[in-house]
Amino acid sequence: MTVIAPGMEIGILGGGQLGRMLALAAARLGLKAHIYCPEDESPAAQVAHAVTVADYDDRAMLDKFADAVALVTYEFENIPLATVKRLARRAPLWPGIDALGVAQDRLREKRFLQSIGIETAPFAAVDTQADMAAAVDVIGLPAVLKTRTLGYDGKGQFMLRDGAQCDEAWLAIGQAPAILEGFVGFEREVSVIVARAISGELACYDVAENEHRNHILDLSTVPAAIEKATADQAQTIAKTVATALNYVGVLAVEMFVCPGGQLIVNEIAPRVHNSGHWTIDACLVSQFEQHIRAICGWPLGAARRHSDARMRNLIGEEAEDWATLIGDRTAALHLYGKGAARPGRKMGHVTEIFPLGALSTGR
Ligand code: AMP
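Residues numbered from 1 in each chain as written. Predicted model: local features only at pLDDT ≥ 70, side-chain atom pairs only at ≥ 80, totals over all residues. Heavy atoms only, no water.

This brings us to the overall build of the protein. When its secondary structure is counted, the protein shows eleven helices and 17 strands. Its C-alpha atoms give the protein a radius of gyration of 20 Å, near enough to 21 Å, the size a compact globule of 363 residues would have. Split into buried and exposed, the 363 residues of the protein put 54% on the buried side. When contacts within the protein are restricted to residue pairs at least 6 apart in sequence, long-range pairs at least 24 apart make up 61% of them. Carbon and sulfur atoms provide 50% of the accessible area of the protein, an area that totals close to 15,500 Å². When the 34 basic and 43 acidic side-chain charges of the protein are each reduced to a single mean position, those positions are 5 Å apart. (Helix = DSSP H or I, 4+ residues; strand = E, 2+ residues; numbered from the N terminus. Rg over C-alpha atoms; globule rule 2.2 N^0.38 Å. Buried < 20%, exposed > 50% of the residue type's maximum accessible area, 1.4 Å probe, protein only. Contact = heavy atoms within 4.5 Å. Areas by Shrake-Rupley, 256 points an atom, 1.4 Å probe, with all protein chains shown as cover. Lys, Arg positive; Asp, Glu negative; His and termini not counted. Charge placed at Lys NZ, Arg CZ, Asp CG, Glu CD.)

As structure tokens, then:
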């Protein structure tokens, strides 16, 4: 196996803000990021050493890219499996294809979680419109219909409150293979970011509490307002998932906290995650650096938090406030270099930092 050393080039599939922050973390460690994505002028390309602009099914360009880099990773999970399989034949690829296959398909993901003893919402497969009524009978109402693949930020989802909505729901999600999930009456939503090294070593960040607006993450607050036993349990779940997947890199596990502290896993993301952006400013080693360390076969860094933190996404025109935000001496501003501030587009984030314990009152 090639030993990865500073000065080498690492390949990143995807040119968005996560690729950008991975490239910046790689650069801090003396590595050179090579971004592969179909878009010109992507946020990641602006800070990278090299860029390949090509489609994810361009075999010749994929081969050239794989040959140019010491290893390949990715910043989003909806990459065609054929693309990663092709790359993995020519270069080490982390996290592996198995983890990607599980996270790309909500049905496989739920079955996997249950197989390792982790609680999920009740679910039933819905392959055709004709399966809807039977699924509603099994799961009950209210329930959420979700496409098995390619859903994000609430896209490809329909909330059913009444059995008469079956046809409407099926049409709304685009008549694609789906799962029907029982509605979880949660108290709060949390996530855990965990890193796993090639050696099996684990580093787990503190639990973040997440609030959404229009189905998009709005605020992540650390620590989450949950009991210590619940937080410990959330971290144990994340570590169990990473180990069971034989995972290498950073993984995010999103969970619902129900009354009494019961934890239900909603989904896993085989990558660095928006709800872990606070780690850049509140920890010695961020989720991005941790991912780079893990895939390079290096030891993981300290995931310990030196501050309490509140991260707010800047969506659409919210980033136009940059001149005010940059004057805040208690916050760190991150802008992603995106051109047009379309509604719903993640343009940047701002992390407010507080002394350790300051946000824990009443938590
Ligand atoms: P997802 O795309 O699975 O992350 O879902 C987006 C959001 O929809 C979640 O963050 C929850 O707020 C909500 N949601 C998803 N699934 C359920 C469920 N089974 N019960 C209640 N709320 C849900």
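Quick look at helix α1 (residues 17-28) now. The end-to-end C-alpha distance of α1 is 17 Å, a good match for the 16 Å that twelve residues give at a rise of 1.5 Å each. With nine of its twelve residues buried, α1 lies for the most part within the structure. Taken as a whole, α1 has its buried residues at Gln17, Leu18, Gly19, Arg20, Met21, Leu22, Ala23, Ala25 and Ala26. Buried positions along α1 lie against β1 (9-13), β2 (32-37), α9 (279-282), α10 (287-296), β16 (331-335) and β17 (346-354). (Expected span 1.5 Å × (residues − 1).)

Further remarks concern the packing of aromatic side chains. Enumeration according to the criterion identifies five aromatic pairs in this entry. The interplanar angle of 50° and the centroid separation of 5.6 Å between the aromatic rings of Tyr56 and Phe76 together place this pair among those described as tilted. Taken together, the residues span a long stretch of sequence, with Tyr56 in the loop between β3 (50-53) and α2 (59-68) and Phe76 in the loop between β4 (71-74) and α3 (81-90) at a distance of 20 residues. Given the relative accessible area of 21%, Phe76 is considered partly exposed. Three or more aromatic residues link up through ring pairs in this structure, and these residues are Tyr36, Tyr56, Phe65 and Phe76. (Phe/Tyr/Trp six-rings, centres within 6.5 Å; stacked < 30°, edge-to-face > 60°.)

What follows deals with the sheet that holds strand β7 (residues 157-160). The strand order across the open sheet built from four strands is β5-β8-β6-β7, with neighbouring strands paired in antiparallel fashion. Lying at the two open borders of the sheet, with one neighbouring strand each, are β5 (123-126) and β7. Neighbour-to-neighbour, the strand axes of the sheet open up by a mean angle of 20°, direction not taken into account. Both β5 and strand β8 (residues 178-182) contribute to a ladder of four bridges, which runs antiparallel. When the sheet's bridge partners are listed, Ala124 is paired in β8 with Leu180. (Pairing = 2+ DSSP bridges. Axes fitted to C-alpha atoms, helices over the stretch in contact; angles between N-to-C directions.)

Looking now at the site of the ligand. Around the ligand lies a shell of 14 residues, among which Lys146, Gln157, Glu181, Val184 and Glu189 are the nearest. The contact in question runs from an oxygen atom of the ligand to an N or O atom on the side chain of Gln157, over 2.6 Å. In this structure, Gly182 approaches the ligand through a main-chain N or O atom, which is 3.0 Å from a nitrogen atom. Summarising the interface, the protein chains cover 89% of the accessible area of the ligand, which totals 480 Å² for the free molecule. Those elements giving two or more residues to the shell around the ligand turn out to be β6 (143-147), β8 and β14 (263-269). For the shell around the ligand, the residue count by class is five nonpolar, four polar and five charged. Inspection of the shell around the ligand shows a minimum of three residues originating in each of domain 2 (122-182) and domain 3 (188-360). (Near = heavy atom within 4 Å. Polar contact = N/O pair within 3.5 Å; in protein donor to acceptor, adjacent residues only side chain to side chain. Nonpolar A, V, L, I, M, F, W, Y, C, P; charged D, E, K, R; others polar. Domains from an automatic or database assignment.)

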